[in-house]
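# Report on the structure
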Amino acid sequence: MAQVQLQETPRWKNFLGCVGPGFLVSVAYLDPGNLQTDLQAGADHKYELLWIVLVGLTFALIIQSRSANLGVATGKHLAEHCKEEYPLPVKYCLWILAEVAVIASDIPEVIGTAFALNILLKIPMWSGVLLAGLNTLLLLGLQRYGIRKLEVVIGVLVMVVGGCFFAVLLHVRPSPKGILTGMFVPKLEGKGATSAAIALLGALIMPHNLFLHSALVISRKIPRTYDDIRIASKHFLIESGLALFLAFLINVAVVSVTGSVCSDLNIFLENAAHCKNISLNSAAFLFKNAIGNWSSKLYAISLLASGQSSTVTGTYAGQYIMQGFLDLKMKVWLRNLLTRCIAIAPSLVACIIGGSQGAAKLIIMILSFELPFALVPLLRFTSSEAKMGHHKNPKPVSLVSWLLCCCLIGINLYFLSTTLMGWIMSNKMPKIGLIFTGVLAFLTMMLYVSLLTYLTLKREKSAASSTDLAMGTIRTSGSRDERGSELSSNQRTNEFESDHIILA
């Protein structure tokens, strides 16, 4: 089936044709797991950690732009490149890690939707979880009418999330000076500030987004010439920047709301208790008691919009991951149903057993563990001339990206090790149990580091498409007929298998 055709002239119409993928990706930075982490960060540290949000989303823009470039320049998404590059054991390992990350991130998204339905309509939690899965499949059904329709719906849901929190923000009137200071003056003061900053950073950057973004950009039909690929990459960068800037403003609003409410000197004891341990459910009671019943309803509406939009994009990412790694040939509705069923069972279990609090801890642990296994291959592929041709990362971009990647891996290792040690020390196990757990943790870390080292240093396979990429940059001028004839010969090699993208 056909892809979305971009208009070459005028330039602004070409840009508007590229608008959409970045906003679908930005949803992951506004999912219920992020909202809960933001609410707790604001309650515990007021505006102090806003600079972490700024740093995290700046880093997100850098790596998301690399993901988009990979899809635009090669016509294949990240999962497909991993399938081609790595041997079977590594390929299946990466696939399992990616699927686990999608499932883990889906748990708070589904639970958030269930909480919103419970607050608004008094629907039981287990019913809300099932309804969340059904609603996601209905929204994904919009693909029948074109990917652009789905992008518009998701964009509206993002605006709903932002509108609700900005309305509450205007009512609580936080200190503008405090917000600006928190954004641009880095500091980690107070008890638990470092761990809260790591949790905030871990909740922001989602591994499945790297797979998703590289696939979404291929829904646009881009001529395989150097200039067209360069212009498309530039437009997707601008579009991603605008989408992530909006996500940044919404995250700032969420942190600032609880930062203002929980720092009030006249706060009631019941509200202060909610501030110490905020969950997606207790936040509604906090808003209702501290601000008014209307704010609780607005919060529930924003939570519903956040949960539904993020579950749609999570399912979308899951189907791209499954298709890319396993090369499964199945109908779109069946692939969506399979992906949704895989994720809905753990969400239902987490809802019954642990609630949003347990899900928040789970998502940060798993995403912190899995992120390098998506990020390292992405940086390897986008720095490769064999895969990217003349569109590979410039040396300064590669240097900055790898430096940030190493810092992130170091932070994740610190977070995982300290969390594990804290859990071991807090549980009174017999000595033999402590020894066994310590040995198992050590072996897991060694395997973790070994796999990352392999992904980083593995000798690259020669790419058959590199010649086509290089040839596509030779002729960038001339008549439309000449460029059309070049397109017909080159695009066949790199065209995305778009069996689930409909012409908008």
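Presented here is an overview of the structure given in this document.

About the cut-offs
Residues numbered from 1 in each chain as written. Predicted model: local features only at pLDDT ≥ 70, side-chain atom pairs only at ≥ 80, totals over all residues. Heavy atoms only, no water. Helix = DSSP H or I, 4+ residues; strand = E, 2+ residues; numbered from the N terminus. Buried < 20%, exposed > 50% of the residue type's maximum accessible area, 1.4 Å probe, protein only. Phe/Tyr/Trp six-rings, centres within 6.5 Å; stacked < 30°, edge-to-face > 60°. Lys NZ or Arg CZ within 6 Å of the ring centre and 35° of its normal. Disulfide = S-S within 2.5 Å. Salt bridge = Lys/Arg side-chain N within 4 Å of Asp/Glu carboxyl O. Contact = heavy atoms within 4.5 Å.

### Considerations on the overall build of the chain
- For the chain, the helix and strand inventory stands at 22 helices and two strands.
- Considering the chain as a whole, with its 504 residues, one finds that 56% of them fall into the buried category.

### Points about the packing of aromatic side chains
- Under the definition given, this model contains nine aromatic pairs.
- Ring geometry for F287 versus Y299: centroids 5.3 Å apart, planes at 75°, classification edge-to-face. Of the two residues, F287 sits in helix 14 (residues 282-290) while Y299 sits in helix 15 (residues 293-326), which places them twelve residues apart along the sequence.
- Through pairs of rings, three or more aromatic residues link up here, namely F165, F287 and Y299.
- Seen from the ring of F381, K387 lies directly overhead, with NZ or CZ sitting 5.1 Å from the centre.

### What about the environment of Q319?
- Turning to its location among the elements, Q319 is positioned in helix 15.
- C-alpha separation for the pair Q319 and L337, spaced 18 residues apart in sequence, amounts to 9.7 Å.

### Observations concerning the state of the cysteines
- Within this structure, the stated rule accounts for one disulfide.
- A sulfur-sulfur distance of 2.0 Å marks the disulfide that ties C262 to C275. Taking the torsion about the sulfur-sulfur bond, which here is approximately -85°, the covalent link between C262 and C275 counts as left-handed. Here C275 lies in helix 13 (residues 269-276) and C262 lies in helix 12 (residues 226-262), a separation of 13 residues in the sequence. Note on accessibility: C262 and C275 belong to one class, buried.
- Between C405, a free cysteine, and C406, which holds the nearest cysteine sulfur, the sulfur-to-sulfur gap is 5.6 Å.
- For C405, a relative accessible area of 1% corresponds to the buried category.

### Focus on the pattern of salt bridges
- Overall, the coordinates contain seven salt bridges when judged by the stated rule.
- Between E84 and K76 there is a salt bridge whose closest N-O contact spans 2.5 Å.
- Judged by its relative accessible area of 24%, K76 falls in the partly exposed class.

### What to know about the environment of L120
- Looking at the element boundaries, L120 is found in helix 6 (residues 88-121).
- Residues L120 and K297 lie 177 residues apart in sequence; the distance between their C-alpha atoms is 6.8 Å.
- Sequence-distant contacts of L120, that is, excluding residues within four places in its chain, are made with K297, A300, I301 and L304.

### Quick notes on unusual backbone geometry
- The residue K46 is not glycine, and still its phi comes out positive at about 55°.
- Along the chain, K46 turns up in the loop between helix 3 (32-45) and helix 4 (50-74).
- Exposure remark for K46: the relative accessible area of 36% places this residue in the partly exposed category.

### Re the environment of L30
- Within the secondary structure, L30 sits in the loop between helix 2 (21-26) and helix 3.
- Taking C-alpha positions, L30 is 8.9 Å from G307, a pair spaced 277 residues apart along the chain.
- Once residues within four sequence positions are removed from consideration, L30 is found in contact with L35, V158, A247, I250, N251 and S306.

### Re the side chain of S296
- One can find S296 in helix 15.
- Residue classification places S296 among the buried positions, given a relative accessible area of 5%.
- Among all residues touching S296, those that are not within four sequence positions of it are I119, A284, F287 and K288.

### Some remarks on helix 11 (residues 207-216)
- Burial analysis of helix 11 places ten of its ten residues in the buried class, which makes it a mostly covered element.
- Among the residues of helix 11, those classed as buried are P207, H208, N209, L210, F211, L212, H213, S214, A215 and L216.

### Re the side chain of S306
- Summarising the element assignment, S306 is placed in helix 15.
- You can call S306 buried: its relative accessible area is 1%.
- For S306, the contacting residues outside a window of four places in its chain are L30, D31, P32, L35 and V161.

Structural measurements only, silent on function.
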